[in-house]
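# Structure assessment
So you can see what is in the structure, the chains are spelled out below.
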Amino acid sequence: MKAKKTKGFKKNLSFYRINFSFQPPYQLVFDGNFIKQMLDHNVDLDKQLFKHTKAKIWKHTTICVLRELTSLQHLFPRVFKYAQGLSKINCKHIEGVSPAECLLDIVKPKPEFGGDNNYFWICTQDDELRSNLLQIDHVPVCYLFQNNLFEMAEPSRTCKMRIKSLKEIKYLPNEQEKQIIMPIKKEIKQQQAEKRMEKERKLAQELAIKIKKPAKGPNPLSVKKKLGKVTKSIKKRRHKIKNKKSRRSNKQGVNNEIIEQNS
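Residues numbered from 1 in each chain as written. Predicted model: local features only at pLDDT ≥ 70, side-chain atom pairs only at ≥ 80, totals over all residues. Heavy atoms only, no water.

### Re a nonpolar patch on the surface
Stated formally: Patches here are clusters of residues that have more than 30% relative accessible area and form no salt bridge, with a 9 Å joining cutoff for like charges and a 5 Å cutoff for nonpolar side chains (Val, Leu, Ile, Met, Phe, Trp, Tyr). The protein chains shown are the only cover counted for residues, whose accessible areas, like all others here, come from Shrake-Rupley with a 1.4 Å probe. Each salt bridge in this description consists of a side-chain nitrogen of Lys or Arg and a carboxyl oxygen of Asp or Glu lying within 4 Å of one another. Strands are runs of DSSP state E lasting at least 2 residues, helices are runs of H or I lasting at least 4, and numbering of each runs from the N terminus.
There is a patch of nonpolar side chains on the surface, built from Ile180, Ile181, Ile184 and Ile188 and spanning about 350 Å² of accessible area. Its place among the elements puts isoleucine 181 in helix α9 (residues 175-208).

This is the structure we're talking about:
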């Protein structure tokens, strides 16, 4: 499970780095819920963050979050003490607002300051606040998964679709460019087809030339096989037997003639 989560964290971090120019040192903003969860379960956050990012981390909280924790310091003294040790972001909420409203406000681009992103990671255990923050494209939202594993939430589907459409507008050709490109593409395809046809013609011509084959040996069926020593001796014996029979028959014929003459 941990291996899968670390892969997911690195994938989400690379998405924000590529599309929204997040660069180290990364700036994390904690709310009271996240600090309490981290302290209750003794999470070594610095170790996990270095393992994930291999970069410097700056940890912050806001004045509105600290104002809420001061009112609850008798209940959560450790949380208040830890928040006091963090650097404070001046959220400029003079009258004071709730921590959720404060965190949503500091991540929104300010037109009076040029509309630039603040490049904050918001760390919270509040589900409602996380869902609201994910509607803002450029905000990485972090939380503790199963009480001790630091995780970054996956960007929303609308954010991914918006980034995809922006990339298509930026890199893909528009209608005017398509009208210029299409005839050039057709010409290139025709040239490629002609080259292919020429190669095929050359191959056909080369294959049509008759190649002289080397002379073959005689037909094996028309050539007598060489006789071995055993077959030669058998043939000699048969020939001798035939000769003996013919001689006997000749002698008998001569004797019969002499007898007939004498009689």
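### Re the pattern of salt bridges
Keep this limit in mind: With a 1.4 Å probe rolled over the protein chains alone, any residue whose accessible area is under 20% of its type maximum counts as buried; one over 50% counts as exposed, and the rest are partly exposed.
Inspection of the entire model under this criterion finds five salt bridges. A salt bridge links aspartate 40 to lysine 36, with the nearest nitrogen and oxygen atoms 2.8 Å apart. Taken as a pair, aspartate 40 and lysine 36 lie in helix α2 (residues 32-40) at a separation of four residues, close to a single helical turn. Residue class for lysine 36 comes out partly exposed when judged on its relative accessible area of 31%.

### Remarks on the nonpolar core
Worth spelling out the cut-off: What we call a nonpolar core is a set of buried Ala, Val, Leu, Ile, Met, Phe, Trp, Tyr and Cys residues that are connected through their side-chain atoms within 4.5 Å. A contact between two residues is defined here by any heavy atoms of the two lying within 4.5 Å.
Formed by 32 residues in total, the largest nonpolar core has its most connected members in Leu28, Phe30, Phe34, Trp121 and Phe150. A per-element tally of this core places helix α1 (residues 2-20) first, with five residues. Not counting the four nearest positions on each side in its chain, phenylalanine 150 is found in contact with Phe9, Leu28, Phe34, Leu45, Gln48, Leu49, His52, Cys123, Cys142, Tyr143 and Leu144. Counting residues in hydrophobic clusters, the runner-up holds 18 residues, among them Cys102, Leu104, Ile122 and Leu133.

### Let's talk about helix α7 (residues 127-134)
Applied cut-off: The arc in question is formed by the directions pointing from the helix axis toward the C-beta atoms.
Every buried residue belonging to α7 is among Leu129, Arg130 and Leu133, and all of these are buried. Down the axis of α7, the buried set is contained in an arc of 100°. They therefore lie on one face. In α7, those exposed residues whose orientation departs by more than 90 degrees from the buried face are Asp127 and Glu128. Against the buried residues of α7 lie α6 (99-107), β4 (120-123) and β5 (141-145).

### Examining the pairing of β4
Side-chain positions along a regular strand alternate between the two faces of the sheet. In plain terms, the rule: By definition, two strands form a pair when at least two bridges between them are found by DSSP.
The side-chain alternation of β4 yields two buried faces, one formed by Phe120 and Ile122 and the other by Trp121 and Cys123. Strand direction decides the pairing type here: strand β1 (residues 26-30) and β4, joined by four bridges, are parallel. When the bridges of β4 are listed, phenylalanine 30 appears paired with cysteine 123. Relative to β5, β4 runs parallel, the two being bridged by two bridges. Residue pairing across strands places cysteine 123 opposite cysteine 142, the latter belonging to β5.

### Observations regarding the packing of α2 against helix α5 (residues 77-84)
How two helices pack is summed up by the angle between their axes together with the distance between the axes. Which entries qualify depends on this criterion: Axis definition: a line fitted to C-alpha atoms, limited for helices to the stretch in contact. Angles are taken between N-to-C directions and run from 0 to 180 degrees. An angle counts as roughly parallel when it lies under 35 degrees, as roughly antiparallel when it exceeds 145, as roughly perpendicular when it falls between 65 and 115, and as oblique in every other case. For any pair of crossing helices, the crossing counts as left-handed if the nearer helix is rotated counterclockwise from the farther one by less than a right angle, and right-handed if it is rotated clockwise. Residues are grouped as follows: Ala, Val, Leu, Ile, Met, Phe, Trp, Tyr, Cys and Pro are nonpolar; Asp, Glu, Lys and Arg are charged; every other residue, Gly included, is polar.
Axis separation between α2 and α5 bottoms out at 9 Å; the angle between their running directions is 110°. Compared by their axis directions, α2 and α5 come out roughly perpendicular. The two elements α2 and α5 cross, and the hand of that crossing is right-handed. Touching Gly32, Ile35, Lys36, Met38 and Leu39 of α2 are Arg78, Val79, Tyr82 and Ala83, all from α5. Across the contact of α2 with α5, the residue classes break down as six nonpolar, one polar and two charged.

### Some remarks on the confidence of the model for the protein chain
The condition that has to hold: The predictor attaches a confidence to each residue, called pLDDT, with possible values from 0 through 100.
Model confidence for the protein chain is summarised by a mean pLDDT of 79, while 75% of its residues fall at 70 or above. The secondary-structure element of the protein chain with the lowest mean pLDDT is helix α10 (residues 229-262), recorded at 60, while β1 shows the highest, at 93.

### Focus on the side chain of threonine 61
Mapped onto the fold, threonine 61 is located in strand β2 (residues 57-62). With residues up to four places along the chain from it excluded, the contact list for threonine 61 reads Val29, Phe30, Ala83, Leu86, Ser87, Lys88 and Ile89.

### Let's talk about the sheet that holds strand β3 (residues 87-89)
Spatial strand order, β3-β2-β1-β4-β5-β6: six strands in an open sheet with mixed pairing. In this open sheet, the two edge strands, each paired with only one partner strand, are β3 and β6 (149-152). The average undirected angle you get between the axes of adjacent strands in this sheet is 35°. Where β1 meets β2, four bridges bridge the pair, whose relative direction is parallel. Looking across to β2, one finds that tyrosine 26 is bridged to isoleucine 57. Contacts between α2 and the sheet are confined to β1, β4, β5 and β6, with β5 contributing the most and set at about 30° to the helix.

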